[in-house]
Every structure is written in structure tokens, then in C-alpha cells.
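Each chain is listed here by its residues.
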Amino acid sequence: SQAASLYFESKLGVEVGVEQIMPVEILLDADGENLNAMELEVIYNKNFLELVGFKDAGSIVQFWVERPDLDKELLVLKGIMPNGFNWQKGLVGILDFKTLTPGITEIRFGANPKTFLNDGLGTETKTKVSGFKVTISSQKPALDLEETTNIRRKNLIRKLSKTPIFMMANIF
């Protein structure tokens with residue numbers, strides 16, 4: 001049976017240095033369903049991570065009912081996609097964490113994440129979740145914000161360079 005999936009990814013991988021800004025994407029896979037709303041909680045350990053930012057540029061969510069409050073350990077996100085969403089990989093938002101101390105920690109979803117069908121009735125559908133384990137190592141040199149930004153820029157250029165319009169522009 002079909003089930004939407006919520007999961008995390010980080011371009012920096014699963015091992016990072018201390019005192020590093022680590023952008024973590026919250027992603028949604030609709031698994032063939034047509035969804036139009038979601039409600040989720042994100043839990044993380046404040047001994048290892050400090051949430052320093054939330055970005056939603058490029059998000060599939062067009063209207064936020066509730067945006068994350070950076071001061072709370074339990075982050076709540078409630079959003080609506082009025083035109084529906086049925087892709088495999090949609091960006092919900094990016095959480096920017098600062099790593100604080102060496103160790104292994106996990107960013108995970110709360111107990112009852114919900115996704116709703118775009119059926120005019122707000123029917124709840126099955127939702128699978130995956131946590132994100134990260135190793136914070138004192139051995140790994142921390143990238144500063146400029147290097148992190150450069151990695152993001154390179155990833156964006158790599159992504160854009162595969163789109164036909166960008167490829168055409170490079171010809172001239």
C-alpha cells in the first residue's frame with residue numbers, strides 16, 4: 001500500500017566537525033499520492049545541536065499554518081500545498097544546525113506525523129518516517145559558513161547545469 005515518506009538529508013553527509021553549520025533538508029516523497037497538507041514535529045538533542053535557522057525558499061509548502069519556533073526543542077511544522085504535491089522528492093524546508101560537541105546524535109520526527117490527501121476532504125494518508133543519525137567528530141575540521149555556502153552553490157550549479165535551459169545558455 002502507498003505511504004508518503006518524510007526523511008532528512010544533508011549535503012555535508014553524516015559526519016561533521018564541531019562548531020559547524022550543518023544544513024539538514026526535510027524532504028517528502030508522496031509515493032504516487034496527491035497530497036495537499038502536512039503536519040510534523042522534528043526532535044533533536046540540544047546537547048549536540050543548536051538550531052540557528054530555518055529556510056523555506058524552494059519549499060513545496062506554499063502556506064505555513066505553523067512555522068518552526070527556533071527556541072523550542074520540539075519543532076512543529078504545519079503546511080499546505082493548495083495545488084497538491086505528488087513528486088518523489090519535495091523540499092519541505094532546511095534546518096540549519098550548529099554542531100556543539102562530539103558524539104552521535106539523531107534528528108527525528110515526532111510520534112505522529114501526518115500527511116493529507118488533496119481530495120477535498122482532508123483525508124489522512126499513511127506516513128512513513130526516517131530519522132537522520134549524525135556523527136559530530138572533533139577530528140573532522142569544521143567548514144566555516146563560507147565553505148558551506150560554496151558547497152551549496154556548487155550543488156546548485158551542478159543541479160542547474162543538468163536543466164536544458166541552463167545547458168542552452170552555456171552554448172552561447
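Structure report, in brief. Nothing here was measured: the structure is a model prediction, and the numbers come from that model. (Residues numbered from 1 in each chain as written. Predicted model: local features only at pLDDT ≥ 70, side-chain atom pairs only at ≥ 80, totals over all residues. Heavy atoms only, no water.)

1. Focus on the overall build of the chain
Piece 1. The number of helices and strands found in the chain is two helices and 13 strands.
Piece 2. Put simply, 76% of the contacts in the chain that link residues at least 6 apart link residues at least 24 apart. (Helix = DSSP H or I, 4+ residues; strand = E, 2+ residues; numbered from the N terminus. Contact = heavy atoms within 4.5 Å.)

2. A few points about the pattern of salt bridges
Working definition: two side chains of opposite charge can pair if their charged atoms are close together.
Piece 1. Under the definition given, this model contains seven salt bridges.
Piece 2. Glu9 serves as the salt-bridge partner of Lys89, at 3.2 Å between the closest nitrogen and oxygen. Of the two residues, Lys89 is situated in the loop between strand S7 (74-85) and strand S8 (90-99) and Glu9 in strand S1 (residues 4-9); the sequence distance between them amounts to 80 residues.
Piece 3. Overall, Glu9 belongs to the partly exposed group, its relative accessible area being 28%.
Piece 4. With its nearest N and O atoms 2.6 Å apart, the salt bridge here joins Arg67 to Asp56. Here the residue Arg67 occupies a position in the loop between strand S6 (63-66) and S7, and Asp56 occupies one in the loop between strand S5 (49-55) and S6, the gap between them amounting to 11 residues.
Piece 5. The exposure class assigned to Arg67 is partly exposed, which follows from its relative accessible area of 41%.
Piece 6. Look at Asp56 and you get partly exposed, because its relative accessible area is 26%. (Salt bridge = Lys/Arg side-chain N within 4 Å of Asp/Glu carboxyl O. Buried < 20%, exposed > 50% of the residue type's maximum accessible area, 1.4 Å probe, protein only.)

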